[in-house]
Amino acid sequence: MTLDTKSPATISREEWLTALEALRNKEKAVTAQLDALAAERRRLPRERVDRDYNFDTAKGRVGLRDLFEGRSQLIVYHHMLKPDDRDPCSGCCMVGDQIPHLAHLHARDTSLVFVARASIDEIVALKARLGWHFPFVSTGEAFNRDFGVTTGFGLNVFLQEDGSIYRTYFTTGRGVETLGTPWALLDLTPYGRQENWEDSPAGTPQGAPYAWWRLNDAYQETP
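Nothing here was measured: the structure is a model prediction, and the numbers come from that model.

Caption draft 1: Examining the overall build of the protein more closely. Within the protein, the secondary structure is distributed over 7 helices and 8 strands. The burial tally for the protein puts 42% of its 223 residues in the buried class. Accessible area for the protein stands at about 13,400 Å²; split by element, carbon and sulfur atoms hold 52% of it. Here the protein holds 26 positive side-chain charges and 31 negative ones, and the gap between their average locations is 1 Å.

Caption draft 2: Just the pattern of salt bridges, in detail. Applying the stated rule across the entire model yields 14 salt bridges. The partner of R42 in a salt bridge is E198, and the shortest N-O contact between them spans 3.4 Å. One end of the pair, R42, is in the loop between α1 (13–41) and β1 (47–48); the other, E198, is in the segment after α7 (182–186), and 156 residues separate them in sequence. Overall, the relative accessible area of 7% leaves E198 in the buried class. With its nearest N and O atoms 3.9 Å apart, the salt bridge here joins R86 to D84.

Caption draft 3: A look at helix α5 (residues 120–130). Taken together, the buried positions of α5 are occupied by I120, I123, L126 and K127. An end-on view of α5 places all buried positions within 120° of arc, on one side of the element. The exposed set on the far side of α5, more than 90 degrees from its buried face, consists of D121, A128 and R129. After α5 finishes, the residue G131 shows a positive phi value of roughly 75°.

Caption draft 4: Just the environment of G203, in detail. The topology assignment puts G203 in the segment after α7. G203 gets classed as exposed once you look at its relative accessible area, which sits at 77%. Once the C-alpha coordinates of G203 and I75 are considered, the two residues, 128 residues apart in sequence, prove to be 21 Å apart.

Caption draft 5: Highlighting the side chain of H78. Tracing the backbone through its elements, the reader meets H78 in strand β4 (residues 73–78). Take H78: its relative accessible area is 1%, and that puts it in the buried class. Of the polar contacts made by the side chain of H78, one reaches the side chain of N144; its length is 2.6 Å. In this structure H78 touches C92, V115, F143, N144, V149, F153, G154, L155 and N156, once residues within four positions along its chain are discounted.

Caption draft 6: Local environment of the pairing of strand β2 (residues 54–57). The pairing of β2 with strand β3 (residues 60–63) spans 4 bridges and is classified as antiparallel. Bridge pairing links D56 to R61 in β3. Here β2 folds back onto β3 in antiparallel fashion, the turn holding 2 residues. Summarising the sheet, β2 and strand β6 (residues 136–139) pair through 2 bridges and their orientation is antiparallel. Each bridged residue has a counterpart across the sheet, and for D56 the counterpart in β6 is S138.

Caption draft 7: Unusual backbone geometry, seen in detail. The phi angle at D162 is positive, at roughly 55°, despite the residue not being glycine. Among the structural elements, D162 can be located in the loop between β7 (154–161) and β8 (164–171). Of note in the backbone geometry, Y210 takes a positive phi value of approximately 75° without being a glycine. Take Y210: it is sitting in the segment after α7.

Caption draft 8: View of the sheet that holds β4. With respect to topology, 8 strands assemble into an open sheet ordered β1-β8-β7-β4-β5-β6-β2-β3, the strand pairing being mixed. A strand with exactly one partner marks an edge of an open sheet, and here the two such strands are β1 and β3. Sheet strands touched by α5: β2, β5 (110–116) and β6. Its angle to β6, the strand with the most contacts, is close to 155°.

Cut-offs used in this document
- Residues numbered from 1 in each chain as written.
- Predicted model: local features only at pLDDT ≥ 70, side-chain atom pairs only at ≥ 80, totals over all residues.
- Heavy atoms only, no water.
- Helix = DSSP H or I, 4+ residues; strand = E, 2+ residues; numbered from the N terminus.
- Buried < 20%, exposed > 50% of the residue type's maximum accessible area, 1.4 Å probe, protein only.
- Areas by Shrake-Rupley, 256 points an atom, 1.4 Å probe, with all protein chains shown as cover.
- Lys, Arg positive; Asp, Glu negative; His and termini not counted.
- Charge placed at Lys NZ, Arg CZ, Asp CG, Glu CD.
- Salt bridge = Lys/Arg side-chain N within 4 Å of Asp/Glu carboxyl O.
- Arc of directions from axis to C-beta.
- Polar contact = N/O pair within 3.5 Å; in protein donor to acceptor, adjacent residues only side chain to side chain.
- Contact = heavy atoms within 4.5 Å.
- Pairing = 2+ DSSP bridges.
- Axes fitted to C-alpha atoms, helices over the stretch in contact; angles between N-to-C directions.

Here's what the structure looks like:
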């Protein structure tokens, strides 16, 4: 196959602005489609989680409910780090490098945690090596298997409501490629960004857009 290595045309500023506007209109159409998809995701039926699971943390063993840290929503990324892993998955680690400051998620009643099959000591060592500060815990085979991650990686979203825990969303593969902002992560949750322009089910907590945005040291966080 012969590759086309010819550079794009050089044109006048006026022509360039016209071409840019045409492309931007297409981008805006895609953004509108993503908003509609997020609205549909917020209405996805949920699966009740009737089993508890154990996780090892640097402070001891905890259950699934503990990972919520008192919040309503929980995003779980299943990292591929395995026991005695001398070559941690570079793709999973790139995802970890893109995780935003968690204060922004906490402000929207959402927690985030990474899980992996490696021991907690190995996880703590990887966090220190890569400069990560988000929660990262060790899990057994059952949790990964029961939630769609028998091999590879994935992302699950859970909701705590009326005393029960529900699984509301799952993705893997290229579905995790655009998760580098609080907005992108919140779009995966049943409450969304909780801004009043969103098309969400009745009863979803919502407020004015922009009003909840803060510098990460200015949030009044609660446990």
